[in-house]
Amino acid sequence: MSKKISKIAVMTSGGDAPGMNAAVRSVVRTCAYHNISCLGIYRGYEGMIEGAFIELDARSVRGIINKGGTFLKSARCARFRTPEGRALAHKQLVKEGVDALVVIGGDGSFTGALHFNLEFNFPVIGIPGTIDNDISGTDRTLGYDTALNTAVEAIDKIRDTAHSHDRLFFVEVMGRDVGHIALNAGVGAGAEEILIPEEDMGIERLVESLERSKKSGKSSSIVVVAEGDKIGKSVFELKDYVDENLDEYDVRVSVLGHMQRGGSPTCYDRVLASRMGVKAVESLLAGESNFMVGSIHDKMELTPLKEAIKGKSKINKELIRVSEIMTT
Ligand code: ADP
């Protein structure tokens, strides 16, 4: 039988995402609800190795559900990639009497958690906190909805100025490996073209499409580009190419960058975080380990961490078709 759990540690790790604070709050309050202790770990695995801990009770997480970022801070930690580093981290948790761990992060953080579990038989549950929505086993990751709304709001503003000056804007959004933000924000903001890592539109087709656009009477255009788009050119290279090959356009570039990671989480992300935190703690109390909590068809479900790490969420083909129809 698994050991009775009386103290759970929680941390945020890897790339930060809006909603992480709300998830920590939920983990802490669920622990309080079940009369068990909760320990916050600062700066992810780095803080775990250093013993940077804080006792958290229900009241210590007040006023943070609406805050972006993570008050526990996040970090990347090379030492945790080594067995020696993980042994140090384990020692620290044992010293504090911690029985189980909730890791809020992305696939890198989950890989670390899996190693930790295998080496020390230490119960772990993951909560997917990343704006990219690139983890399988959940319809949405924490922070994705907020990032989408931030991107749409920014593109709407760029549209205003593009329209006033009859300009073409290449707007770069986050997404090195997956185009969820680009595709959804692009459709949501009415972009003329959307370039994503999953589909190779080809630069010639892009130029033809922009030419057609101009002929059809459009004076301004927005092209949303994911960081890792399949054409393989940066937004600046795309601008240079269009400058050289299309006289009619006055081309500008806007890189949205890290603003997409920040900001107050949307209601969707706050609710998702609250639900995931409850499910994570109650799964540990029920003796589960090595799972990631996810929302599948609006139900809280567990997916083995191994599968969540391996599988990348697929781009929505139906939405690609919708975007093509919308840009006619
Ligand atoms: P994310 O969790 O957002 O994907 P990273 O890939 O940077 O972010 O991972 C966060 C941290 O998780 C790393 O800094 C490291 O401490 C730990 N980690 C990542 N991959 C491994 C691994 N293969 N083994 C052990 N720890 C890992």
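Here, every reference points to the structure presented above.
Residues numbered from 1 in each chain as written. Predicted model: local features only at pLDDT ≥ 70, side-chain atom pairs only at ≥ 80, totals over all residues. Heavy atoms only, no water.

A. Examining the pairing of strand β5 (residues 124–128) more closely. Of all five residues making up β5, five are buried, and the element is well covered by its neighbours. Where burial is concerned, the two faces of β5 agree: the one with Val124, Gly126 and Pro128 and the one with Ile125 and Ile127 are both buried. As paired elements, strand β4 (residues 100–105) and β5 share five bridges and run parallel to each other. Looking across to β5, one finds that Val102 is bridged to Ile125. Handedness of the crossover joining β4 and β5 through helix α4 (residues 107–120) is recorded here as right-handed. As defined by bridge partners, β5 adjoins strand β10 (residues 291–296) across two bridges and the pair is classed as parallel. Looking at β10, one finds that Ile125 is bridged to Phe291. (Buried < 20%, exposed > 50% of the residue type's maximum accessible area, 1.4 Å probe, protein only. Helix = DSSP H or I, 4+ residues; strand = E, 2+ residues; numbered from the N terminus. Pairing = 2+ DSSP bridges. Right-handed = clockwise from strand over helix to strand, strands pointing away.)

B. Examining the nonpolar core more closely. Counting residues in hydrophobic clusters, the biggest one holds 30 residues, and the most contacted among them are Ile8, Val10, Val27, Val102, Ile104 and Ile127. Only β1 (7–12), α1 (20–33), β4, β5 and α9 (267–285) provide two or more residues apiece to this core. No other element matches α1, which puts seven residues into this core. Not counting chain neighbours up to four residues away, the residues in contact with Ile8 comprise Cys31, Ile36, Ser37, Cys38, Leu39, Val98, Ala100, Val102, Val281 and Leu284. (Core = buried A, V, L, I, M, F, W, Y, C linked by side-chain atoms within 4.5 Å. Contact = heavy atoms within 4.5 Å.)

C. Main features of the sheet that holds strand β11 (residues 299–304). One open sheet holds the seven strands; their spatial order is β3-β2-β1-β4-β5-β10-β11, and the pairing between them is mixed. Both outer strands of the open sheet, β3 (53–56) and β11, are each paired with one neighbouring strand and no more. Strand-to-strand twist in this sheet, taken as the mean axis angle between neighbours without regard to direction, amounts to 30°. In this sheet, β11 lies alongside β10 in antiparallel orientation, the contact comprising six bridges. Its bridge partner being in β11, Ile296 is matched across the sheet by Lys299. (Axes fitted to C-alpha atoms, helices over the stretch in contact; angles between N-to-C directions.)

Geometry only, nothing functional implied.
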